[in-house]
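Here is how the chains run, residue by residue.
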Amino acid sequence: ILEGFVSFSMEISVIVARNASGAVAMYPPVQNVHKHHILHETIVPAPVDPAVKAKALAMAKHIAEEAGLIGLLAIEMFVTAEGDVLVNELAPRPHNSGHWSIDAAYTSQFEQAIRAICDLTLGNPEPRCVARMLNLIGEDVEKWQEFTDDPNARLHLYGKREIRQGRKMGHVTFLTDA
């Protein structure tokens with residue numbers, strides 16, 4: 001495996017589901033913002049040109065079909081300044097960049113994974129609203145009560161007893177109309 005430095009303007013991810021019957025459903029590209037090499041924030045939908053969105057979705061569908069995917073696959077991609085889309089990483093499971101779907105999509109990535117594995121009709125992956133997911137990493141979790149005052153915030157704590165630097169302790173999804 002060779003790795004090289006890629007100059008990119010943003011990282012996005014697309015989550016794709018495929019069942020045994022060959023049906024495919026894709027969540028829209030979302031923007032991933034990292035802090036200290038850990039996913040800090042996901043913006044739904046990604047603020048990308050329609051051509052970039054189309055490329056990312058086409059790549060995700062192609063990968064799922066060619067791999068014979070049955071289940072869920074998260075595909076992290078880099079978007080270059082020129083509008084090229086490059087695959088960075090594949091994760092064959094529900095993914096942190098899709099946690100927003102619990103509160104803001106018609107069908108969450110978790111439900112979609114079960115639907116795909118059981119060869120059921122895939123659910124609607126579209127967002128019900130604009131959203132922003134913020135990971136609570138390490139001591140960030142101690143601020144959890146601040147989010148309960150926001151009627152548009154949906155707080156999820158993971159029940160981890162020990163707080164450690166860099167550990168994902170929970171997340172909060174902010175829902176907006178625009």
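Heads up: these notes are all about the structure in this document. All values reported here derive from a predicted model rather than from experimental measurement.

Bringing the overall build of the chain into the picture now. Counting its secondary structure elements, the chain contains 4 helices and 9 strands. Along the chain, helices and strands appear, N-terminal first, in the series β-β-β-β-α-β-β-α-α-β-α-β-β. Relative to its length of 178 residues, the chain is compact, with a C-alpha radius of gyration of 16 Å against a globular reference of 16 Å. If you line up the chain on its principal axes, its C-alpha atoms span 45 × 40 × 35 Å. The buried share of the chain, taken over its 178 residues, is 44%. Taking contacts inside the chain between residues at least 6 apart in sequence as the whole, the part at least 24 apart equals 58%. With the model as given, the accessible surface of the chain reaches about 9700 Å², and the carbon-plus-sulfur share is 52%. Taken together, the 16 basic and 22 acidic charged side chains of the chain have centroids lying 5 Å from each other.

Right, let's get into empty space enclosed by the protein. Under the definition given, this model contains 1 cavity of 30 Å³ or more. Approximately 30 Å³ is the volume found for the largest cavity. If you go around the largest cavity, the residues you meet are Ser13, Val14, Ile15, Tyr27, Pro28, Val30, Ser97, Gly98 and Trp100. The greatest single-element share of the lining of the largest cavity, amounting to 3 residues, is contributed by strand E1 (residues 10–18). In the lining of the largest cavity, the residues fall into 6 nonpolar, 3 polar and no charged.

Taken as a whole, the largest pocket encloses approximately 250 Å³ of empty space. Lining the largest pocket are Lys35, His36, Ile38, His40, Ile137, Gly138, Glu139, Asp140, Ile163, Arg164, Gln165 and Gly166. Partitioning the lining of the largest pocket into residue classes produces 3 nonpolar, 5 polar and 4 charged.

Here Arg18 is to be found in strand E1. A polar atom in the side chain of Arg18 sits 2.8 Å from the backbone oxygen of Leu69. If near-sequence neighbours (up to four positions away) are discounted, Arg18 is found in contact with Ala23, Val24, Ala64, Glu65, Gly68, Leu69, Ile70, Gly71, Ala116 and Leu122.

The next point concerns the pattern of salt bridges. Enumeration according to the criterion identifies 3 salt bridges in this entry. For Arg115, the salt bridge goes to Glu111, with nearest N and O atoms at 2.8 Å. In this pair, Arg115 and Glu111 both sit in helix H3 (residues 109–117), 4 residues apart, roughly one turn of the helix. Look at Arg115 and you get partly exposed, because its relative accessible area is 25%.

Conventions used here
- Residues numbered from 1 in each chain as written.
- Predicted model: local features only at pLDDT ≥ 70, side-chain atom pairs only at ≥ 80, totals over all residues.
- Heavy atoms only, no water.
- Helix = DSSP H or I, 4+ residues; strand = E, 2+ residues; numbered from the N terminus.
- Rg over C-alpha atoms; globule rule 2.2 N^0.38 Å.
- Buried < 20%, exposed > 50% of the residue type's maximum accessible area, 1.4 Å probe, protein only.
- Contact = heavy atoms within 4.5 Å.
- Areas by Shrake-Rupley, 256 points an atom, 1.4 Å probe, with all protein chains shown as cover.
- Lys, Arg positive; Asp, Glu negative; His and termini not counted.
- Charge placed at Lys NZ, Arg CZ, Asp CG, Glu CD.
- 1 Å grid on protein atoms, 1.4 Å probe; cavity = no way out; pocket = protein on both sides within 12 Å on 5 of 7 lines; lining within 4 Å.
- Points joined across faces, edges and corners; volume = space filled by probe spheres on them.
- Nonpolar A, V, L, I, M, F, W, Y, C, P; charged D, E, K, R; others polar.
- Polar contact = N/O pair within 3.5 Å; in protein donor to acceptor, adjacent residues only side chain to side chain.
- Salt bridge = Lys/Arg side-chain N within 4 Å of Asp/Glu carboxyl O.

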